[in-house]
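Structure assessment
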Amino acid sequence: MMRQYMEVRRGLPANTLLLFRLGDFYEMFEEDAELGSRLLGITLTQRNGIPMAGIPYHAADTYINKFLEQNQKVAICDQMEPPQPGKIVRRALSRILSPGTTLEDHHLDSRHHHFILALNWHDGALHGAWMDLTTAEFQIGSENRVADLTPVLSSLAPREIVVPEVGYLNWSNADQMGNEYALLAQLFENRPVTEVPDYHFDPISGGQTVLDALKVLSLEGFGVEKDHPALGAAGALVTYATENLCARPENLTSLKLYRSQENLLLDPTTLSNLEVFRSASGARDGSLLDALDATVTAAGARLLEGYLAGPDTNRNEIERRQNVVGEFLESPGFAAELHDYLKCVRDLQRIVGRLQNRIRNPRELGAIRDTLRQIPFVFEILSAFDCPAVQALQARLLEFPHLRKRLDEALDEDLPSLLHEGGYIRDGYDSELDRLRSLTRENKTWIANLERKEQTRTGIRNLRIRYNTAFGYFIQITKSNLHLVPENYIRRQTMVNAERFYTEELKAREGEILNAEEKSIAREEELFRDLVAAILKDAPELVTTARALAEIDLFVGWSKLAREWDYCRPEVTGESALEIKQGRHPVVEQMMRKERFGLAGTHAFVPNDAYLDGSTEQIALITGPNMAGKSTYIRQVALIVLMAHIGCWAPAKSCRIGTVDRIFSRVGATDELARGNSTFMVEMNETANIINNATSSSLIILDEIGRGTSTYDGLSIAWAVVEHLHGNGDSGPRTLFATHYHELTQLERQLPRVRNYRVSVKEWNDEIIFVRQVVKGSADKSYGIQVARLAGLPPSVISRAKDILAKLEADDSSHNLLRKRLNRIKHAEESGESLSQLEMF
């Protein structure tokens, strides 16, 4: 047995822990046992000097999940035949489970995608392939600029990253890649990385590997050229998945080509600042994803996540989604019925994927049956709509009447989770199974009658007839009753508190009983395989139907949100103008209602307008005190733009959105001490990323540039950033710039596309009241001391701060020197005098 173990162990990849099936346990030996006991917190034992640790077979999924959560790869070596006396059971490697390649439902979050990513940096370009094995989503992309590919990769939140051995080591040299290395380092942070031989990333052999996996002769039908450089990463991904599954993935049917220009890009910093997938605390609650998720199916929730990961710039696709949402919005009764039926729909796409990859149990088939029962009702409701977009959705739904009828007739209503337990095929479905079951039932009745007869004959009231796989059927008698054992009882096993016996009569019947049970279970498994084959025959159509159901679920949910929160349909145009009337922050508005238990009135969210145009009103400089709402305002504009690009309706009275290619943000003050970056360095890195990658079609939100250094340094940098974004051309990126540097408001006079806005406040008895209204003009001061009072600073500190402020403002210091220079600019404007940029500042 240990020779078996060593043979399997030698063939495993590095850093893979082996679980070796021994009867009712999975055992770990030697170094694996020491590691496994430490990761799981279980007892480490020894046998013949060999360290051992084991986990129960029936509870293995729980322990395996703990391994995966700690980014530990696990190989499963199973028994491939029933145990037989005097013979070593044949064992073989059945799966390697890694964080990115697991398929089992209990290892997954049903409402999130489960991507694995392969990356290769070659010839000055980044090539990537990403795959969700559970749903067969498979995509490749190559970009010369890392910044064009990392936004989508960060949005996907891959569970595991596969890289070439040599290539990954080279990436760690920041001198080779410059600033782009920082973007990759951010992607790799806190994610398991698996290194594979470099030759797995060869584009030529990788292309052939992909062809074989998709079972096609050419990739041209997917819009992919045969020599596409990312096919190396795709091939490495398929090879890695094949090694882990111990067979080629059977659910891969298509390959998509990612083009950054077809998507609205949000870099990792922006995703974090806008709290798209996670709130600032790291939780899903309080994120945009959570606010927009009104789905009732796991597939619908994953579709929403996918839309947010890759917002569309194709206006036709955006309008298609808006049209369906609008139809459901106008028919709330039908929409509610659809959601009622969809609540009974199971995760069809992932279930079919597991069946295709040989992970099968009766409950999976029952889930498909339950889903197919709902489709006719969904189909009928969609028939009531005249909208072409809804009709197109309906056309993608198939009802599978023959498959549904077969599953209804074959499967019992209550199904076991394990195949070998039996009892999942209905009585009356198969005559041979009914005959075998009848024999089994008769024999079990015979056993029960024999037990009662022997209890009466021997006078042993607690006499029991039991069964186990090692000894078969036996009569168990406690030690206190051994003096009553009849002479025809033959001893089989002695235990601590009892002994086990058999009789010739029982032994003769045992063979018949076991034979009938084995034949019954074997027949049931044969029927099960026939049902699986029938399902797999319709697998492509089932997956198409599953995707249509997910879209229906998502769009019905969005119509519910639009109705409940009074969202409008955004007009997405090809122009640069961005106009929002009475816009609101979708997350903050919902959180306010939760906190106020649904009360409106004075606690309602205060809406605000916004207008930007790259060629006229390009940059909005927003001043006002802390806590007044500047950050909320600029973020809500960005979120409304994002919502418009995924086809969702938006929290506003009306909005017209000129398409955006990228959203950038620079918000808040954080450090990266582990990387040696101070707060100010992080701020400058993020600002540099924006300046270097923004285009005239981008949307930029900036909250406090230059606050992490001295006043002069910070103001100079902020001033220069505004000038750079404005540029000397006719247009530039639409920008919302919130700042406490009131001196910047002078730029409205110098740069034609800069406009000043302020967040209004009311002053009363040296206190401020936040109005939350954004209006034209500039604030005259920051009200920092008043905000400090609201935060609870002691009165003595507040009083002293006022004294110091008054002295500084009266003193002819750097503050007044700067003010004089700004007045010089104003005087020059009024007199028509021409000043150079250097003279201005």
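Below you will find a few notes about this structure. Throughout, a residue's number is its position along its own chain's written sequence, starting from 1. Local features in this predicted model are restricted to residues whose pLDDT is 70 or higher, and side-chain atom pairs enter the listing and the counts only when it is 80 or higher, whereas totals over whole chains, interfaces and linings include all residues. No hydrogens and no water enter the side-chain calculation; it runs on all heavy atoms of the structure.

1. Overview of the overall build of the protein
Note the threshold: Strands are runs of DSSP state E lasting at least two residues, helices are runs of H or I lasting at least four, and both sets are numbered from the N terminus onward. With a 1.4 Å probe rolled over the protein chains alone, any residue whose accessible area is under 20% of its type maximum counts as buried; one over 50% counts as exposed, and the rest are partly exposed. Contacts are residue-level and defined by heavy atoms, with any inter-residue pair within 4.5 Å sufficient. The Shrake-Rupley method, run with a 1.4 Å probe sphere, supplies the accessible areas, and residue values consider only the shown protein chains as cover.
A tally of helices and strands in the protein yields 30 helices and 27 strands. When each of the 841 residues of the protein is scored for burial, the buried share is 50%. Considering only residue pairs separated by 6 or more positions, the protein has 69% of its internal contacts joining residues 24 or more positions apart. Summed over all atoms, the accessible surface of the protein reaches about 38800 Å², with 49% contributed by carbon and sulfur.

2. Focus: the sheet that holds strand S14 (residues 464-468)
Convention followed: If DSSP finds at least two bridges between two strands, the strands pair. Under this scheme, a helix contributes an axis fitted over its contacting stretch, all axes are lines through C-alpha atoms, and angles between N-to-C directions fall in the 0 to 180 degree range.
Taken together, four strands build an open sheet; the order of strands is S14-S15-S17-S16 and the sheet is antiparallel. A single partner strand is all that each edge strand has here, and the edge strands are S14 and strand S16 (490-494). Strand-to-strand twist of the sheet, defined as the mean angle between neighbouring strand axes without regard to direction, takes the value 40°. The pairing of strand S15 (residues 472-478) with strand S17 (residues 498-502) spans four bridges and is classified as antiparallel. Paired with Thr478 across the strands is Ala498, a residue of S17. Helix H19 (residues 431-458) contacts S14 and S15 of the sheet and is inclined by roughly 140° relative to S14. Running at roughly 135° to S15, helix H20 (residues 504-537) makes contact with S14, S15, S16 and S17 of the sheet.

3. Focus on the pattern of salt bridges
Here is the rule we go by: Just to be clear on terms, a salt bridge is a Lys or Arg side-chain nitrogen sitting within 4 Å of an Asp or Glu carboxyl oxygen.
Enumeration over the complete set of coordinates arrives at 40 salt bridges. In this structure, Lys343 engages Asp340 in a salt bridge whose closest nitrogen and oxygen atoms are separated by 3.8 Å. The class of Lys343 is exposed, set by a relative accessible area of 53%. In this structure, Asp430 engages Arg523 in a salt bridge whose closest nitrogen and oxygen atoms are separated by 2.6 Å. Taken as a pair, Asp430 in the loop between helix H18 (401-410) and H19 and Arg523 in helix H20 lie far apart in primary sequence, 93 residues in all. Classification of Asp430 by relative accessible area gives buried; the value is 11%. The structure contains a network of salt bridges with shared partners spanning Asp312, Glu317, Arg320, Arg321, Arg396 and Glu551.

4. Here we look at the packing of aromatic side chains
Ring pairs (aromatic) are described by centroid distance and by the angle formed between their planes. Rules: Here the aromatic set is Phe, Tyr and Trp, taking the six-membered ring for Trp, and pairing holds for ring centres within 6.5 Å; pairs whose planes are under 30 degrees apart are stacked, those over 60 apart are edge-to-face, and all others are tilted.
Applying the stated rule across the entire model yields 13 aromatic pairs. The interplanar angle of 70° and the centroid separation of 5.8 Å between the aromatic rings of Tyr424 and Phe528 together place this pair among those described as edge-to-face. Remark: Phe528 occurs in helix H20 and Tyr424 occurs in the loop between H18 and H19; sequence separation between them is 104 residues. Tyr424 sits in the buried class, given a relative accessible area of 0%. Residue classification places Phe528 among the buried residues on the basis of a relative accessible area of 2%. With a centroid separation of 4.9 Å and 45° between ring planes, the pair formed by Tyr467 and Tyr473 is classed as tilted. The exposure class assigned to Tyr467 is partly exposed, which follows from its relative accessible area of 38%. Residue classification places Tyr473 among the buried positions, given a relative accessible area of 9%. Ring-pair connections join several aromatic residues into one group, and the members of that group are Tyr5, Phe20 and Phe29.

5. Looking at the sheet that holds strand S1 (residues 16-22)
Ordered by their spatial adjacency, six strands build an open sheet running S3-S4-S2-S1-S5-S6, and the pairing between neighbours is mixed. Bordering the open sheet on either side are strand S3 (45-47) and strand S6 (91-97), each of which pairs with just one other strand. Between one strand axis and the next, the sheet turns through 35° on average, direction left out of account. Of the pairings in the sheet, the one linking strand S2 (residues 25-29) to strand S4 (residues 50-56) comprises five bridges and is antiparallel in character.

6. Quick word on the packing of helix H13 (residues 315-330) against helix H14 (residues 332-342)
Quick note on the threshold: Throughout this description, any angle smaller than 35 degrees is read as roughly parallel, any larger than 145 degrees as roughly antiparallel, any in the 65 to 115 degree range as roughly perpendicular, and the remainder as oblique. Three residue categories are used. Nonpolar comprises Ala, Val, Leu, Ile, Met, Phe, Trp, Tyr, Cys and Pro, charged comprises Asp, Glu, Lys and Arg, and polar comprises the others, including Gly.
At a minimum axis separation of 5 Å, H13 and H14 run at an interaxial angle of 105°. The orientation of H13 with respect to H14, classified from their angle, is roughly perpendicular. Seen from H13, the contacting residues are Phe328, Leu329 and Glu330; seen from H14, they are Pro332, Ala335 and Leu338. Of the residues assigned to the contact of H13 with H14, the class counts are five nonpolar, no polar and one charged.

7. Some details on the nonpolar core
So the rule is basically this: We define a nonpolar core as any set of buried Ala, Val, Leu, Ile, Met, Phe, Trp, Tyr and Cys residues linked to one another through side-chain atoms lying within 4.5 Å.
Counting residues in each nonpolar core, the largest one holds 129 residues, and the members touching the most others are Phe328, Ile552, Trp558 and Ile663. For this core, the leading source of residues is helix H21 (residues 539-565), giving 14 residues. If sequence neighbours within four positions are ignored, Ile552 has contacts with Phe328, Leu338, Leu342, Val378, Leu382, Leu393 and Leu397. Grouped together as the second largest cluster of nonpolar side chains are 32 residues, Val162, Leu231, Tyr240 and Leu255 included.

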